[in-house]
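# Commentary on secondary and tertiary structure
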Amino acid sequence: MKENLRETVSLWQDLHEPKHYQTLKTDLQTDVCIIGAGISGLSAAYHLGENGKKVVVIDDGDIAGGQTCRTTGHLSNALDDRYYNLERDFGEEGAKLAAKAHSYSIHFVAEFVKKHHVKCHFGWVDAYLFEPPGKTSENLLKERDAAMRAGIEGVEIVERAPITSFDTGKALRFPGQAEFSPLSFIDSFCKNINGSIYTSVHACDIDKQKNGYRVITDRRCEIIAKHVVIATNSPTFSRFLPHLKQAPYTTYVITGKIKKGIVTPALYYDTPDPYHYIRVFPADEMHDYLIIGGEDHRAGEKKEIQLIYDRLEQWARERFPDMLKKSHRWSGQIIEPVDSLGFIGRIHDEMYMITGDSGNGLTNGIFGGYLINELIHKRKTPFEKLFDPHRKTLKETADFLKENLNTASQYRDWLTPGESKKMPLNSGAVVRCGLKKCALFRDEKGKVHKMSAICPHLGAVVRWNQIEHCWECPAHGSRFSAEGKVLQGPANCDLTKDLSDNDSP
(Lines give C-alpha, C1' and ligand atoms only; values in the text may rest on other atoms or scores of the structure.)
Protein backbone atom coordinates (compact mmCIF):
# COMPACT_ATOMS: atom_id res chain seq x y z
CA MET A 1 0.00 0.00 0.00
CA LYS A 2 1.22 3.50 -0.83
CA GLU A 3 2.08 5.67 2.15
CA ASN A 4 0.59 9.12 2.55
CA LEU A 5 1.12 11.13 5.73
CA ARG A 6 -1.63 13.55 4.87
CA GLU A 7 -4.62 11.26 4.31
CA THR A 8 -5.73 7.66 4.00
CA VAL A 9 -5.49 6.00 0.59
CA SER A 10 -8.33 4.01 -0.96
CA LEU A 11 -7.90 0.65 -2.66
CA TRP A 12 -8.52 2.31 -6.04
CA GLN A 13 -5.87 4.96 -5.44
CA ASP A 14 -3.40 2.28 -4.37
CA LEU A 15 -3.95 0.19 -7.50
CA HIS A 16 -4.17 3.09 -9.94
CA GLU A 17 -1.59 5.62 -11.07
CA PRO A 18 -3.23 9.03 -11.47
CA LYS A 19 -3.26 10.49 -14.97
CA HIS A 20 -1.87 14.00 -15.27
CA TYR A 21 -3.71 16.65 -17.25
CA GLN A 22 -2.72 20.07 -18.51
CA THR A 23 -3.12 23.13 -16.36
CA LEU A 24 -4.71 26.35 -17.51
CA LYS A 25 -2.29 28.87 -19.05
CA THR A 26 -4.54 31.22 -21.03
CA ASP A 27 -8.01 32.75 -21.03
CA LEU A 28 -10.72 30.62 -22.60
CA GLN A 29 -14.18 31.01 -24.01
CA THR A 30 -16.62 28.10 -24.01
CA ASP A 31 -20.29 27.13 -23.91
CA VAL A 32 -20.12 25.39 -20.52
CA CYS A 33 -17.57 25.60 -17.71
CA ILE A 34 -17.78 22.67 -15.30
CA ILE A 35 -16.15 23.07 -11.89
CA GLY A 36 -15.23 19.66 -10.49
CA ALA A 37 -13.78 16.62 -12.28
CA GLY A 38 -15.36 13.81 -10.30
CA ILE A 39 -18.00 11.45 -11.64
CA SER A 40 -20.66 14.22 -11.66
CA GLY A 41 -18.64 16.83 -13.53
CA LEU A 42 -17.25 14.34 -16.01
CA SER A 43 -20.70 12.91 -16.69
CA ALA A 44 -22.00 16.41 -17.39
CA ALA A 45 -19.02 17.04 -19.69
CA TYR A 46 -19.60 13.77 -21.57
CA HIS A 47 -23.34 14.30 -22.09
CA LEU A 48 -22.96 17.96 -23.07
CA GLY A 49 -20.05 17.23 -25.42
CA GLU A 50 -22.00 14.44 -27.09
CA ASN A 51 -24.81 16.93 -27.66
CA GLY A 52 -22.68 19.55 -29.37
CA LYS A 53 -21.70 21.88 -26.53
CA LYS A 54 -18.16 23.17 -26.18
CA VAL A 55 -17.07 22.16 -22.68
CA VAL A 56 -14.22 23.06 -20.32
CA VAL A 57 -13.74 21.08 -17.07
CA ILE A 58 -11.51 22.40 -14.28
CA ASP A 59 -10.49 20.86 -10.96
CA ASP A 60 -8.06 22.04 -8.30
CA GLY A 61 -6.87 18.48 -7.65
CA ASP A 62 -6.48 15.23 -9.59
CA ILE A 63 -9.16 13.79 -11.82
CA ALA A 64 -11.68 12.01 -9.57
CA GLY A 65 -9.42 12.89 -6.66
CA GLY A 66 -12.22 14.04 -4.35
CA GLN A 67 -15.01 11.69 -3.33
CA THR A 68 -15.14 9.57 -6.50
CA CYS A 69 -11.89 7.81 -5.62
CA ARG A 70 -13.25 7.20 -2.09
CA THR A 71 -16.38 5.31 -3.11
CA THR A 72 -16.60 1.51 -3.04
CA GLY A 73 -17.66 1.13 -6.68
CA HIS A 74 -21.32 0.19 -6.13
CA LEU A 75 -23.72 0.91 -9.01
CA SER A 76 -27.14 0.36 -7.55
CA ASN A 77 -30.79 1.33 -7.76
CA ALA A 78 -31.37 -0.32 -4.36
CA LEU A 79 -31.43 3.09 -2.73
CA ASP A 80 -30.17 3.69 0.80
CA ASP A 81 -33.22 5.64 1.91
CA ARG A 82 -35.80 3.05 0.84
CA TYR A 83 -38.50 3.25 -1.77
CA TYR A 84 -41.30 3.24 0.80
CA ASN A 85 -39.90 6.50 2.17
CA LEU A 86 -39.56 8.03 -1.30
CA GLU A 87 -43.11 6.94 -2.11
CA ARG A 88 -44.36 8.61 1.09
CA ASP A 89 -42.54 11.90 0.35
CA PHE A 90 -42.79 12.12 -3.46
CA GLY A 91 -45.67 9.84 -4.30
CA GLU A 92 -45.62 6.66 -6.33
CA GLU A 93 -44.71 8.55 -9.51
CA GLY A 94 -41.78 10.27 -7.77
CA ALA A 95 -40.45 6.92 -6.53
CA LYS A 96 -40.72 5.54 -10.08
CA LEU A 97 -38.71 8.48 -11.44
CA ALA A 98 -36.03 8.00 -8.75
CA ALA A 99 -35.73 4.33 -9.73
CA LYS A 100 -35.48 5.27 -13.41
CA ALA A 101 -32.78 7.84 -12.68
CA HIS A 102 -30.46 5.44 -10.87
CA SER A 103 -31.25 2.58 -13.28
CA TYR A 104 -30.26 4.87 -16.15
CA SER A 105 -26.82 5.29 -14.61
CA ILE A 106 -26.21 1.54 -14.27
CA HIS A 107 -27.14 0.91 -17.91
CA PHE A 108 -25.17 3.94 -19.10
CA VAL A 109 -21.99 2.53 -17.53
CA ALA A 110 -22.69 -0.95 -18.93
CA GLU A 111 -23.17 0.39 -22.46
CA PHE A 112 -20.14 2.68 -22.22
CA VAL A 113 -17.92 -0.18 -21.00
CA LYS A 114 -19.10 -2.42 -23.84
CA LYS A 115 -18.80 0.26 -26.52
CA HIS A 116 -15.30 1.40 -25.54
CA HIS A 117 -13.94 -1.96 -24.31
CA VAL A 118 -13.18 -0.50 -20.88
CA LYS A 119 -11.20 -2.71 -18.51
CA CYS A 120 -12.63 -1.65 -15.16
CA HIS A 121 -13.82 -4.97 -13.69
CA PHE A 122 -17.41 -4.10 -14.53
CA GLY A 123 -19.81 -6.87 -13.60
CA TRP A 124 -23.54 -7.39 -13.28
CA VAL A 125 -24.44 -8.56 -9.78
CA ASP A 126 -27.38 -8.83 -7.42
CA ALA A 127 -27.79 -6.70 -4.31
CA TYR A 128 -28.98 -8.09 -0.98
CA LEU A 129 -30.56 -6.12 1.85
CA PHE A 130 -30.79 -7.93 5.19
CA GLU A 131 -31.84 -7.19 8.76
CA PRO A 132 -29.65 -7.77 11.84
CA PRO A 133 -30.19 -11.03 13.82
CA GLY A 134 -33.46 -11.21 15.69
CA LYS A 135 -35.31 -8.71 13.49
CA THR A 136 -38.42 -9.64 11.54
CA SER A 137 -38.58 -9.30 7.76
CA GLU A 138 -41.47 -6.81 7.95
CA ASN A 139 -39.42 -3.89 6.60
CA LEU A 140 -37.96 -6.07 3.84
CA LEU A 141 -41.47 -6.98 2.70
CA LYS A 142 -42.49 -3.32 2.85
CA GLU A 143 -39.47 -2.32 0.74
CA ARG A 144 -40.08 -5.16 -1.74
CA ASP A 145 -43.62 -3.98 -2.39
CA ALA A 146 -42.56 -0.32 -2.75
CA ALA A 147 -39.66 -1.25 -5.05
CA MET A 148 -42.00 -3.28 -7.24
CA ARG A 149 -44.40 -0.34 -7.47
CA ALA A 150 -41.42 1.83 -8.44
CA GLY A 151 -40.73 -0.48 -11.39
CA ILE A 152 -37.77 -2.51 -10.07
CA GLU A 153 -38.25 -5.85 -11.77
CA GLY A 154 -37.47 -9.19 -10.15
CA VAL A 155 -37.03 -7.94 -6.59
CA GLU A 156 -37.81 -10.79 -4.17
CA ILE A 157 -37.32 -12.15 -0.67
CA VAL A 158 -34.77 -15.00 -0.46
CA GLU A 159 -33.86 -17.24 2.48
CA ARG A 160 -30.35 -15.77 2.85
CA ALA A 161 -27.68 -13.82 1.01
CA PRO A 162 -24.96 -15.95 -0.70
CA ILE A 163 -22.31 -15.66 2.02
CA THR A 164 -20.97 -18.91 3.49
CA SER A 165 -19.27 -17.56 6.61
CA PHE A 166 -22.44 -16.33 8.33
CA ASP A 167 -26.19 -16.59 7.90
CA THR A 168 -27.75 -13.26 7.03
CA GLY A 169 -31.25 -14.59 7.46
CA LYS A 170 -33.94 -13.56 5.00
CA ALA A 171 -32.75 -10.98 2.48
CA LEU A 172 -34.32 -8.77 -0.15
CA ARG A 173 -32.65 -9.46 -3.52
CA PHE A 174 -32.39 -6.71 -6.13
CA PRO A 175 -31.30 -8.08 -9.54
CA GLY A 176 -29.64 -5.95 -12.21
CA GLN A 177 -27.10 -4.13 -10.06
CA ALA A 178 -23.44 -3.64 -10.98
CA GLU A 179 -19.95 -3.01 -9.64
CA PHE A 180 -16.70 -1.69 -11.11
CA SER A 181 -13.33 -0.11 -10.39
CA PRO A 182 -14.17 3.62 -10.49
CA LEU A 183 -10.77 5.09 -11.39
CA SER A 184 -10.21 2.65 -14.25
CA PHE A 185 -13.60 3.63 -15.63
CA ILE A 186 -12.81 7.33 -15.21
CA ASP A 187 -9.62 6.99 -17.30
CA SER A 188 -11.60 5.82 -20.30
CA PHE A 189 -14.41 8.27 -19.59
CA CYS A 190 -12.00 11.21 -19.84
CA LYS A 191 -10.57 9.96 -23.13
CA ASN A 192 -14.03 10.02 -24.66
CA ILE A 193 -15.14 13.44 -23.45
CA ASN A 194 -15.53 15.94 -26.28
CA GLY A 195 -14.02 18.88 -24.40
CA SER A 196 -10.98 20.14 -22.51
CA ILE A 197 -9.94 19.09 -18.99
CA TYR A 198 -7.60 21.12 -16.79
CA THR A 199 -6.31 20.13 -13.35
CA SER A 200 -4.56 22.08 -10.58
CA VAL A 201 -6.88 25.00 -11.38
CA HIS A 202 -8.90 26.53 -8.55
CA ALA A 203 -12.02 28.53 -9.37
CA CYS A 204 -11.76 31.55 -7.06
CA ASP A 205 -14.89 33.43 -8.09
CA ILE A 206 -17.72 33.60 -10.61
CA ASP A 207 -18.96 36.92 -12.02
CA LYS A 208 -22.29 37.21 -13.79
CA GLN A 209 -21.87 38.77 -17.22
CA LYS A 210 -24.38 40.07 -19.77
CA ASN A 211 -24.35 36.85 -21.79
CA GLY A 212 -23.07 34.34 -19.26
CA TYR A 213 -20.36 34.09 -16.63
CA ARG A 214 -16.71 34.85 -16.00
CA VAL A 215 -14.94 32.17 -13.96
CA ILE A 216 -11.86 33.63 -12.28
CA THR A 217 -9.08 31.16 -11.45
CA ASP A 218 -5.98 31.16 -9.31
CA ARG A 219 -3.94 30.83 -12.51
CA ARG A 220 -4.64 34.46 -13.42
CA CYS A 221 -6.71 33.12 -16.27
CA GLU A 222 -10.41 33.55 -16.90
CA ILE A 223 -13.01 31.30 -18.50
CA ILE A 224 -15.95 32.99 -20.21
CA ALA A 225 -18.94 30.63 -20.41
CA LYS A 226 -22.64 30.80 -21.21
CA HIS A 227 -23.37 28.19 -18.55
CA VAL A 228 -21.62 27.07 -15.34
CA VAL A 229 -22.05 23.69 -13.66
CA ILE A 230 -20.86 23.28 -10.05
CA ALA A 231 -20.04 19.62 -9.47
CA THR A 232 -17.87 19.74 -6.37
CA ASN A 233 -19.70 17.22 -4.16
CA SER A 234 -20.79 19.97 -1.75
CA PRO A 235 -21.31 23.04 -3.93
CA THR A 236 -19.11 26.09 -3.69
CA PHE A 237 -20.33 29.54 -4.85
CA SER A 238 -23.74 28.98 -3.27
CA ARG A 239 -23.60 30.17 0.31
CA PHE A 240 -26.89 28.82 1.66
CA LEU A 241 -28.49 26.71 -1.11
CA PRO A 242 -28.54 23.75 -0.66
CA HIS A 243 -26.35 23.61 2.46
CA LEU A 244 -29.25 24.35 4.80
CA LYS A 245 -31.20 21.47 3.23
CA GLN A 246 -28.52 18.78 3.34
CA ALA A 247 -25.86 17.55 5.74
CA PRO A 248 -22.42 15.94 5.32
CA TYR A 249 -21.77 12.50 6.80
CA THR A 250 -18.49 10.59 7.01
CA THR A 251 -18.39 6.92 6.08
CA TYR A 252 -15.49 4.49 6.67
CA VAL A 253 -14.09 1.60 4.64
CA ILE A 254 -11.61 -1.21 5.30
CA THR A 255 -10.35 -4.01 3.06
CA GLY A 256 -8.66 -7.34 3.68
CA LYS A 257 -8.02 -10.37 1.49
CA ILE A 258 -10.31 -13.38 1.71
CA LYS A 259 -10.32 -16.70 -0.17
CA LYS A 260 -12.35 -16.68 -3.36
CA GLY A 261 -15.77 -18.27 -3.04
CA ILE A 262 -16.50 -17.36 0.57
CA VAL A 263 -18.41 -14.29 -0.60
CA THR A 264 -20.25 -14.41 -3.91
CA PRO A 265 -19.72 -11.21 -5.93
CA ALA A 266 -22.72 -9.04 -5.08
CA LEU A 267 -23.61 -5.86 -3.22
CA TYR A 268 -24.62 -6.44 0.39
CA TYR A 269 -26.30 -4.03 2.82
CA ASP A 270 -27.59 -4.41 6.37
CA THR A 271 -30.13 -2.10 7.98
CA PRO A 272 -28.99 -0.94 11.48
CA ASP A 273 -28.03 2.65 12.22
CA PRO A 274 -25.15 2.92 11.52
CA TYR A 275 -25.42 0.40 8.71
CA HIS A 276 -22.76 -1.59 6.81
CA TYR A 277 -22.11 -2.44 3.17
CA ILE A 278 -20.01 -5.16 1.55
CA ARG A 279 -18.60 -6.22 -1.80
CA VAL A 280 -15.57 -8.10 -3.15
CA PHE A 281 -12.95 -7.15 -5.73
CA PRO A 282 -10.40 -9.47 -7.39
CA ALA A 283 -6.99 -9.48 -5.66
CA ASP A 284 -5.16 -12.48 -7.17
CA GLU A 285 -5.87 -16.02 -8.37
CA MET A 286 -6.65 -17.26 -4.86
CA HIS A 287 -8.06 -14.22 -3.10
CA ASP A 288 -10.52 -11.35 -3.35
CA TYR A 289 -10.41 -8.09 -1.50
CA LEU A 290 -13.29 -7.97 0.94
CA ILE A 291 -14.46 -4.34 0.99
CA ILE A 292 -16.53 -3.41 4.04
CA GLY A 293 -17.86 0.06 4.83
CA GLY A 294 -20.16 1.82 7.24
CA GLU A 295 -20.20 3.29 10.75
CA ASP A 296 -21.37 6.63 9.30
CA HIS A 297 -21.72 9.75 11.44
CA ARG A 298 -22.24 13.47 10.93
CA ALA A 299 -19.01 14.92 9.47
CA GLY A 300 -16.74 16.74 11.88
CA GLU A 301 -18.35 15.37 15.03
CA LYS A 302 -15.92 14.74 17.87
CA LYS A 303 -15.18 11.06 17.42
CA GLU A 304 -12.26 8.79 18.24
CA ILE A 305 -11.74 7.78 14.62
CA GLN A 306 -9.33 4.94 15.36
CA LEU A 307 -12.06 3.34 17.48
CA ILE A 308 -14.44 3.59 14.52
CA TYR A 309 -12.01 1.68 12.30
CA ASP A 310 -11.49 -0.87 15.10
CA ARG A 311 -15.26 -1.30 15.45
CA LEU A 312 -15.66 -1.76 11.69
CA GLU A 313 -12.89 -4.38 11.65
CA GLN A 314 -14.43 -6.20 14.61
CA TRP A 315 -17.80 -6.28 12.82
CA ALA A 316 -16.06 -7.73 9.76
CA ARG A 317 -14.07 -10.37 11.62
CA GLU A 318 -17.10 -11.61 13.53
CA ARG A 319 -18.75 -12.38 10.19
CA PHE A 320 -15.69 -13.19 8.09
CA PRO A 321 -13.23 -14.90 10.46
CA ASP A 322 -11.04 -15.98 7.53
CA MET A 323 -10.34 -12.41 6.43
CA LEU A 324 -6.58 -11.84 6.36
CA LYS A 325 -4.75 -8.80 7.69
CA LYS A 326 -6.44 -5.47 7.00
CA SER A 327 -4.85 -3.97 3.87
CA HIS A 328 -6.50 -0.56 3.35
CA ARG A 329 -8.62 1.93 5.22
CA TRP A 330 -10.14 5.20 4.11
CA SER A 331 -13.08 7.50 4.66
CA GLY A 332 -15.42 9.35 2.35
CA GLN A 333 -18.13 11.97 2.58
CA ILE A 334 -21.80 11.33 1.92
CA ILE A 335 -24.12 14.30 1.38
CA GLU A 336 -27.59 13.62 2.82
CA PRO A 337 -30.48 15.80 1.60
CA VAL A 338 -33.26 16.16 4.16
CA ASP A 339 -35.71 14.38 1.83
CA SER A 340 -33.30 11.71 0.47
CA LEU A 341 -33.07 12.77 -3.19
CA GLY A 342 -30.21 14.58 -4.88
CA PHE A 343 -30.26 18.27 -5.73
CA ILE A 344 -29.64 18.44 -9.48
CA GLY A 345 -30.63 21.45 -11.51
CA ARG A 346 -30.59 25.20 -11.88
CA ILE A 347 -29.42 27.36 -8.98
CA HIS A 348 -30.28 30.56 -10.83
CA ASP A 349 -30.08 31.87 -14.40
CA GLU A 350 -27.64 29.56 -16.22
CA MET A 351 -25.76 28.25 -13.16
CA TYR A 352 -26.40 24.61 -12.23
CA MET A 353 -25.41 22.15 -9.50
CA ILE A 354 -25.11 18.40 -8.90
CA THR A 355 -25.05 17.35 -5.25
CA GLY A 356 -26.87 15.35 -2.56
CA ASP A 357 -25.76 11.81 -3.38
CA SER A 358 -27.54 10.28 -0.33
CA GLY A 359 -25.16 7.30 -0.32
CA ASN A 360 -25.52 6.59 -4.05
CA GLY A 361 -22.91 9.01 -5.33
CA LEU A 362 -21.87 7.20 -8.50
CA THR A 363 -25.35 6.71 -9.92
CA ASN A 364 -26.47 10.14 -8.69
CA GLY A 365 -23.47 11.75 -10.39
CA ILE A 366 -23.88 9.95 -13.72
CA PHE A 367 -27.58 10.72 -13.86
CA GLY A 368 -26.80 14.29 -12.79
CA GLY A 369 -24.74 14.79 -15.93
CA TYR A 370 -27.62 13.52 -18.06
CA LEU A 371 -30.15 15.82 -16.39
CA ILE A 372 -27.95 18.92 -16.58
CA ASN A 373 -27.55 18.31 -20.32
CA GLU A 374 -31.32 18.14 -20.73
CA LEU A 375 -31.81 21.37 -18.78
CA ILE A 376 -29.13 23.33 -20.63
CA HIS A 377 -30.70 22.24 -23.92
CA LYS A 378 -34.12 23.43 -22.62
CA ARG A 379 -35.70 20.01 -23.01
CA LYS A 380 -38.78 19.23 -20.95
CA THR A 381 -38.25 16.37 -18.52
CA PRO A 382 -40.26 15.06 -15.54
CA PHE A 383 -36.99 14.74 -13.62
CA GLU A 384 -36.53 18.52 -13.43
CA LYS A 385 -39.14 19.07 -10.73
CA LEU A 386 -38.21 15.96 -8.73
CA PHE A 387 -34.51 16.89 -8.39
CA ASP A 388 -34.99 20.68 -8.32
CA PRO A 389 -32.61 22.28 -5.74
CA HIS A 390 -35.40 24.74 -4.82
CA ARG A 391 -38.06 22.06 -4.18
CA LYS A 392 -40.16 21.89 -1.02
CA THR A 393 -41.47 18.66 0.51
CA LEU A 394 -43.47 17.87 3.65
CA LYS A 395 -40.66 15.72 5.04
CA GLU A 396 -38.23 18.58 4.57
CA THR A 397 -39.80 20.60 7.39
CA ALA A 398 -39.06 18.24 10.30
CA ASP A 399 -35.72 16.98 9.01
CA PHE A 400 -34.67 20.50 8.05
CA LEU A 401 -35.19 21.58 11.64
CA LYS A 402 -33.39 18.51 13.03
CA GLU A 403 -30.32 18.85 10.83
CA ASN A 404 -30.01 22.59 11.30
CA LEU A 405 -30.32 22.26 15.08
CA ASN A 406 -27.45 19.77 14.78
CA THR A 407 -25.52 22.26 12.66
CA ALA A 408 -26.21 25.10 15.10
CA SER A 409 -24.88 23.00 17.97
CA GLN A 410 -21.50 22.83 16.25
CA TYR A 411 -21.05 26.58 16.79
CA ARG A 412 -20.69 25.97 20.54
CA ASP A 413 -16.96 25.50 19.92
CA TRP A 414 -16.72 29.31 19.81
CA LEU A 415 -17.31 29.27 23.59
CA THR A 416 -15.00 26.43 24.64
CA PRO A 417 -11.57 27.14 26.16
CA GLY A 418 -9.64 25.26 23.47
CA GLU A 419 -7.25 22.32 23.52
CA SER A 420 -3.71 21.95 24.82
CA LYS A 421 -0.93 23.61 22.82
CA LYS A 422 1.41 20.69 23.65
CA MET A 423 1.04 18.75 20.44
CA PRO A 424 3.11 15.78 19.20
CA LEU A 425 4.66 15.95 15.74
CA ASN A 426 2.24 15.73 12.79
CA SER A 427 -0.78 16.74 14.82
CA GLY A 428 -3.10 19.69 15.23
CA ALA A 429 -5.18 21.40 17.91
CA VAL A 430 -7.64 24.27 18.18
CA VAL A 431 -6.60 26.72 20.90
CA ARG A 432 -7.93 29.98 22.25
CA CYS A 433 -5.90 33.04 21.29
CA GLY A 434 -7.53 35.81 23.31
CA LEU A 435 -10.98 36.31 21.79
CA LYS A 436 -10.05 34.26 18.72
CA LYS A 437 -9.84 30.55 17.99
CA CYS A 438 -6.62 29.45 16.27
CA ALA A 439 -5.80 26.19 14.50
CA LEU A 440 -2.24 25.03 15.18
CA PHE A 441 -0.44 22.27 13.28
CA ARG A 442 2.97 20.98 14.34
CA ASP A 443 4.69 19.37 11.34
CA GLU A 444 7.17 16.48 11.33
CA LYS A 445 10.08 18.90 11.90
CA GLY A 446 8.41 20.55 14.86
CA LYS A 447 7.46 23.77 13.07
CA VAL A 448 4.09 25.14 14.13
CA HIS A 449 1.73 26.49 11.47
CA LYS A 450 -0.82 28.93 12.91
CA MET A 451 -4.06 29.91 11.21
CA SER A 452 -7.60 30.94 12.02
CA ALA A 453 -9.80 28.07 13.16
CA ILE A 454 -12.88 29.72 11.62
CA CYS A 455 -14.28 28.08 8.49
CA PRO A 456 -14.62 30.79 5.79
CA HIS A 457 -17.94 29.35 4.62
CA LEU A 458 -20.30 30.18 7.50
CA GLY A 459 -18.00 30.67 10.47
CA ALA A 460 -18.00 27.38 12.40
CA VAL A 461 -14.85 26.30 14.28
CA VAL A 462 -12.89 23.55 12.50
CA ARG A 463 -11.68 20.38 14.21
CA TRP A 464 -8.54 18.29 13.70
CA ASN A 465 -8.83 14.84 12.10
CA GLN A 466 -5.77 12.89 13.22
CA ILE A 467 -6.33 9.95 10.85
CA GLU A 468 -6.80 12.03 7.67
CA HIS A 469 -4.38 14.75 8.86
CA CYS A 470 -6.74 17.57 7.97
CA TRP A 471 -9.07 20.18 9.46
CA GLU A 472 -12.82 19.52 9.18
CA CYS A 473 -15.76 21.88 9.57
CA PRO A 474 -18.52 20.17 11.60
CA ALA A 475 -21.23 22.51 10.26
CA HIS A 476 -21.21 21.82 6.50
CA GLY A 477 -18.28 19.46 5.88
CA SER A 478 -15.54 21.68 4.42
CA ARG A 479 -12.02 20.25 4.72
CA PHE A 480 -8.63 21.92 4.84
CA SER A 481 -5.09 20.58 4.70
CA ALA A 482 -2.93 20.61 7.82
CA GLU A 483 -1.48 23.95 6.65
CA GLY A 484 -4.96 25.38 5.98
CA LYS A 485 -5.39 24.94 2.20
CA VAL A 486 -9.00 24.29 1.22
CA LEU A 487 -9.47 20.69 0.07
CA GLN A 488 -13.24 20.38 -0.09
CA GLY A 489 -16.21 22.74 -0.17
CA PRO A 490 -18.53 24.39 0.45
CA ALA A 491 -15.70 26.66 1.63
CA ASN A 492 -13.84 28.02 -1.39
CA CYS A 493 -10.79 29.63 0.20
CA ASP A 494 -8.07 28.68 2.67
CA LEU A 495 -8.09 29.15 6.42
CA THR A 496 -6.70 32.62 7.12
CA LYS A 497 -3.05 32.60 8.15
CA ASP A 498 -2.42 34.07 11.61
CA LEU A 499 1.05 35.61 11.66
CA SER A 500 0.73 37.32 15.03
CA ASP A 501 3.08 36.33 17.83
CA ASN A 502 0.41 36.60 20.52
CA ASP A 503 -0.40 33.31 22.27
CA SER A 504 2.25 31.44 20.28
CA PRO A 505 2.72 27.82 21.40
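This structure is a prediction, so every number in the text was calculated from the model and none was measured.

Right, let's get into the nonpolar core. In terms of nonpolar packing, the biggest core is built from 80 residues, with Tyr-83 and Phe-185 touching the most fellow members. Take this core: its biggest share by element is 14 residues, from helix H3 (residues 83–116). In contact with Phe-185, other than residues within four places in its own chain, are Ile-39, Val-109, Phe-112, Val-113, Val-118, Cys-120 and Phe-180.

With that out of the way, let us pick up the packing of aromatic side chains. Applying the stated criterion to the full structure yields 24 aromatic pairs. Considering the side-chain rings of Tyr-104 and Phe-108, the 6.0 Å spacing of their centres and the 25° angle between planes classify their relative orientation as stacked. Of this pair, Tyr-104 and Phe-108 both sit in helix H3, 4 residues apart, which is roughly one turn of that helix. Classification of Tyr-104 by relative accessible area gives partly exposed; the value is 26%. Plain terms: the ring middles of Phe-112 and Phe-185 are 5.4 Å apart, the flat faces sit at 65° to each other, and that makes the pair edge-to-face. Placement of Phe-112 in helix H3 and of Phe-185 in helix H5 (residues 182–191) is noted, with a sequence separation of 73 residues between them. By relative accessible area, which is 3% here, Phe-112 ends up buried.

Regular strands place side chains that alternate from one sheet face to the opposite one. Taken across its 8 residues, strand S4 (residues 123–130) has 6 buried, putting it largely inside the fold. Pairing between S4 and strand S6 (residues 171–179): 7 bridges, direction antiparallel. Opposite Tyr-128, over in S6, you have Arg-173 as the bridge partner. Two elements, S4 and strand S12 (residues 267–270), share 4 bridges in a ladder whose sense is parallel. Note that in S12 the partner of Leu-129 across the bridge is Tyr-269.

Turning next to the pairing of strand S9 (residues 212–217). Where strand S8 (residues 203–209) and S9 come together, 6 bridges link them in antiparallel fashion. Across the sheet, residue Asp-205 finds its bridge partner in S9, namely Ile-216. The loop that links S8 with its antiparallel partner S9 comprises 2 residues. Linkage of S9 to strand S10 (residues 222–230), two consecutive antiparallel strands, is achieved through a turn of 4 residues, within which Arg-220 is found at a positive phi near 60°.

A few words on helix H2 (residues 39–50). Over its 12 residues, H2 extends 16 Å from the first C-alpha to the last, a length consistent with the 16 Å expected when each residue adds 1.5 Å. For H2, the buried fraction is high: 11 of the 12 residues fall into the buried class. Restricting attention to buried positions, one finds in H2 the residues Ile-39, Ser-40, Gly-41, Leu-42, Ser-43, Ala-44, Ala-45, Tyr-46, His-47, Leu-48 and Gly-49. A positive phi of about 90° marks Gly-52, the residue just after H2.

This part is about the environment of His-20. Tracing the chain through its elements places His-20 in the loop between helix H1 (11–15) and strand S1 (28–35). The class of His-20 is exposed, set by a relative accessible area of 70%. Considered as a pair, His-20 and Tyr-198 are 178 residues apart in the sequence and their alpha carbons are 9.3 Å apart.

This part is about the packing of H2 against helix H7 (residues 361–376). Packing of H2 against H7 leaves a shortest axis separation of 7 Å and a crossing angle of 35°. When the axes of H2 and H7 are compared, the crossing they make is right-handed. Within the contact between the two elements, H2 uses Ile-39, Ser-40, Ser-43, Ala-44, His-47 and Leu-48 and H7 uses Gly-361, Leu-362, Gly-365, Ile-366, Gly-369, Tyr-370, Asn-373 and Ile-376. For the contact of H2 with H7, the class distribution of residues is 7 nonpolar, 7 polar and no charged.

On average, residues of the protein chain score 90 in pLDDT, and 91% of them reach the 70 mark or higher. Scored below 50 in pLDDT, residues 1–5 shows 12 contacts in the model against residues more than four places distant or in partner chains. Every residue in residues 501–505 is under pLDDT 50, and counting partners more than four places away or in other chains gives 10 contacts.

Attention shifts here to the sheet that holds strand S19 (residues 436–442). Reading across the sheet, the 3 strands line up as S18-S19-S20 and stay open at both edges, with antiparallel pairing between neighbours. A strand with exactly one partner marks an edge of an open sheet, and here the two such strands are strand S18 (427–433) and strand S20 (448–452). Mean inter-strand twist for the sheet, computed between neighbouring axes without regard to direction, equals 25°. Here 7 bridges tie S18 to S19, and the two strands are oriented antiparallel to one another. Of the residues in S19, the one forming a bridge with Ser-427 is Arg-442.

The next subject is unusual backbone geometry. Cis geometry is adopted by the peptide bond preceding Pro-274, which originates at Asp-273 and carries an omega value of 5°. In this fold, Pro-274 is placed in the loop between S12 and strand S13 (276–282). Following Gly-489, the chain continues to Pro-490 via a peptide bond in cis, the omega torsion being 20°. Summarising the element assignment, Pro-490 is placed in the segment after strand S24 (486–488). Positive phi, close to 60°, is recorded for Lys-378, a residue that is not glycine. Checked against the element boundaries, Lys-378 lands in the loop between H7 and helix H8 (383–386). Judged by relative accessible area, Lys-378 falls into the exposed class, the value being 53%. A positive phi angle, near 55°, is found at Asn-426, a position not held by glycine. Counting through the fold element by element, Asn-426 comes out in the loop between helix H9 (394–409) and S18. Under the relative-accessibility criterion, Asn-426 is labelled buried at 15%.

Analysis parameters
- Residues numbered from 1 in each chain as written.
- Predicted model: local features only at pLDDT ≥ 70, side-chain atom pairs only at ≥ 80, totals over all residues.
- Heavy atoms only, no water.
- Core = buried A, V, L, I, M, F, W, Y, C linked by side-chain atoms within 4.5 Å.
- Buried < 20%, exposed > 50% of the residue type's maximum accessible area, 1.4 Å probe, protein only.
- Helix = DSSP H or I, 4+ residues; strand = E, 2+ residues; numbered from the N terminus.
- Contact = heavy atoms within 4.5 Å.
- Phe/Tyr/Trp six-rings, centres within 6.5 Å; stacked < 30°, edge-to-face > 60°.
- Pairing = 2+ DSSP bridges.
- Expected span 1.5 Å × (residues − 1).
- Axes fitted to C-alpha atoms, helices over the stretch in contact; angles between N-to-C directions.
- Left-handed = near helix turned anticlockwise from the far one by under 90°.
- Nonpolar A, V, L, I, M, F, W, Y, C, P; charged D, E, K, R; others polar.
- pLDDT = per-residue confidence, 0-100.

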